[in-house]
Amino acid sequence: MKDLGLTGRSFLTIHDFSPAEIEGLLDLATELKAAQKRREPRPVLAGRAVAMIFMKTSTRTRVSFEIGIEQLGAQPMFLSANDIQLRVGETIKDTANVMSRYVDCIMIRTFAQQDVEDLARYGQIPVINGLTDTHHPCQGLSDALTIREHCGKLQGTKLVYSGDGNNVAHSLAEVGAKTGMHVVICSPAGYLPDEAIIARAQEDAKATGAKIELTSDLQEAVKGADVIYTDTFTSMGQEADHDVRLAALKNYQVNSELLALAGPQVKVMHCLPAHWGEEITEEVLYSPNSVVFDQAENRMHAQKAIMAAIIS
Ligand code: CP
Ligand code: NVA
């Protein structure tokens, strides 16, 4: 396995990695995926342990990490919010120092990005961001793998994201910027992505020829798109505002009328979980254009690449 020179690095945002590093991780993911399909073991992390802290619920992240860790020969440890002292007041700093004595890496899903950054800063082991309110970098990396597989390349590939300018939108903008994609985020006023994150992605885009754009004209944006992507209108932690958000975002649903405007080539992506009849229809989710289950599978392959590259 090729050494990417990333040992000891944390994976907190896509922005932290250079275009060459992102490409190296994607190539490694492809290699590990092919090996797994041939049922060839790659126990490159034998004898290591990875803790997985979940302060929010999960299906894909939990299962894909747990199985991926086992496939790399390491021991996974699942810790829900109810299992550890963090939720009842132990500090991030103390948690980071203690966990560093037991395990070789921490994957954490939580609310504040700052908590993930602090865990990495105070601990002595790499930390992987398994989703925060502002970023979902494992999703972004694995989505780039899926797009590369289905569209043949990333450079110049046009991805139109429709809906809430959330954590997933941010990581897609960042991975698009690092890989030369044309990312258009379509959201109504009040639901646009974070200005600073987009400005930073637009700056990164200069080095790769990527284009990162914002618009509220979805019908115009999807013309000629290679990928249409959406995510829930109500992210974890926003449940109390569900009805208001649904009303504000209802015109951003990915349905068969929208696909018709894009053309037959278009692939549909969704990080899942999906909410049928809200951000996407069941018909589109299960249409021949949909690659959502390949996308879900690729979480595991991309995350194995991240772990194989950063854990010493
Ligand atoms: N896409 C994703 O992260 O799914 P889970 O919330 O089920 O982990
Ligand atoms: N934006 C969603 C993604 C879930 C994987 C959320 O944060 O709930």
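Note that the structure is predicted; figures quoted are calculated from it, not measured.

### A short note on the layout of surface pockets
Then, in step 1: For the largest pocket, the calculated volume is near 410 Å³.
Then, in step 2: When contributions to the lining of the largest pocket are tallied by element, the ones reaching two or more residues are helix 2 (60-71) and helix 6 (167-179).

### Regarding the site of ligand 1
Then, in step 1: Around ligand 1, the neighbouring residues are Ser58, Thr59, Arg60, Thr61, Arg109, His136, Gln139, Cys271, Leu272 and Arg299.
Then, in step 2: Side-chain polar atom of glutamine 139 to a nitrogen atom of ligand 1: 3.0 Å apart, as the coordinates give it.
Then, in step 3: At a separation of 2.9 Å, a nitrogen atom of ligand 1 approaches a polar backbone atom of leucine 272.
Then, in step 4: Protein chains shield 96% of the accessible area of ligand 1, which is 260 Å² for the free molecule.
Then, in step 5: Taking a 2 Å distance to the grid points as the criterion, the majority of the atoms of ligand 1 fall inside the largest pocket.
Then, in step 6: Its residues assigned to classes, the shell around ligand 1 comprises 2 nonpolar, 5 polar and 3 charged.

### Structural notes on a nonpolar patch on the surface
Then, in step 1: A cluster of nonpolar residues, Trp276, Tyr286 and Phe293, forms a patch on the protein surface that exposes about 390 Å² of accessible area.
Then, in step 2: One can find tyrosine 286 in the loop between helix 11 (282-285) and helix 12 (292-310).
Then, in step 3: When its relative accessible area of 53% is taken as the criterion, tyrosine 286 is described as exposed.

The rules behind these values
- Position numbers for residues count from 1 along each chain, tracking the sequence in the order it is written.
- Lettering of chains starts at A and numbering of ligands starts at 1, both following the order in which they are written.
- Two thresholds apply to this predicted model, a pLDDT of at least 70 for residue-level local features and 80 or more for giving and counting side-chain atom pairs, whereas whole-chain, interface and lining totals are computed over all residues.
- Each side-chain value is worked out from all heavy atoms of the structure, with water and hydrogens disregarded.
- Buried and open spaces are told apart on a 1 Å grid over the protein atoms alone, a cavity being a set of points where a 1.4 Å probe fits but cannot get out and a pocket being an open set with protein on both sides within 12 Å along at least five of seven lines. Residues with an atom within 4 Å of a point are the lining residues.
- Grid points are joined across faces, edges and corners, and a volume is the space filled by probe spheres set on the points.
- The secondary structure listing takes helices from DSSP runs of H or I that are at least 4 residues long and strands from runs of E that are at least 2 residues long, numbered from the N terminus.
- Residues are classed as near a molecule or strand on a simple rule: at least one heavy atom within 4 Å of it.
- The term polar contact refers here to a pair of N or O atoms within 3.5 Å; inside protein, the definition further demands a hydrogen-donor-capable atom paired with an acceptor-capable atom, and it admits residues adjacent in sequence only when both atoms are side-chain atoms.
- Note on areas: these come from Shrake-Rupley sampling with a 1.4 Å probe, and a residue is covered only by the protein chains present in the view.
- To decide whether a molecule occupies a pocket or cavity, check its atoms: if more than half lie within 2 Å of the grid points, it is inside.
- Amino acids are sorted into nonpolar (Ala, Val, Leu, Ile, Met, Phe, Trp, Tyr, Cys and Pro), charged (Asp, Glu, Lys and Arg) and polar (every other residue, Gly among them).
- Only residues whose relative accessible area exceeds 30% and that form no salt bridge enter a patch; like-charged residues are grouped when within 9 Å of one another, and nonpolar side chains (Val, Leu, Ile, Met, Phe, Trp, Tyr) when within 5 Å.
- A carboxyl oxygen of Asp or Glu within 4 Å of a side-chain nitrogen of Lys or Arg is what we treat as a salt bridge.
- Here's how the labels work: a residue is buried when its accessible area is under 20% of the maximum for its type, exposed when over 50%, partly exposed in between, all with a 1.4 Å probe on protein chains only.

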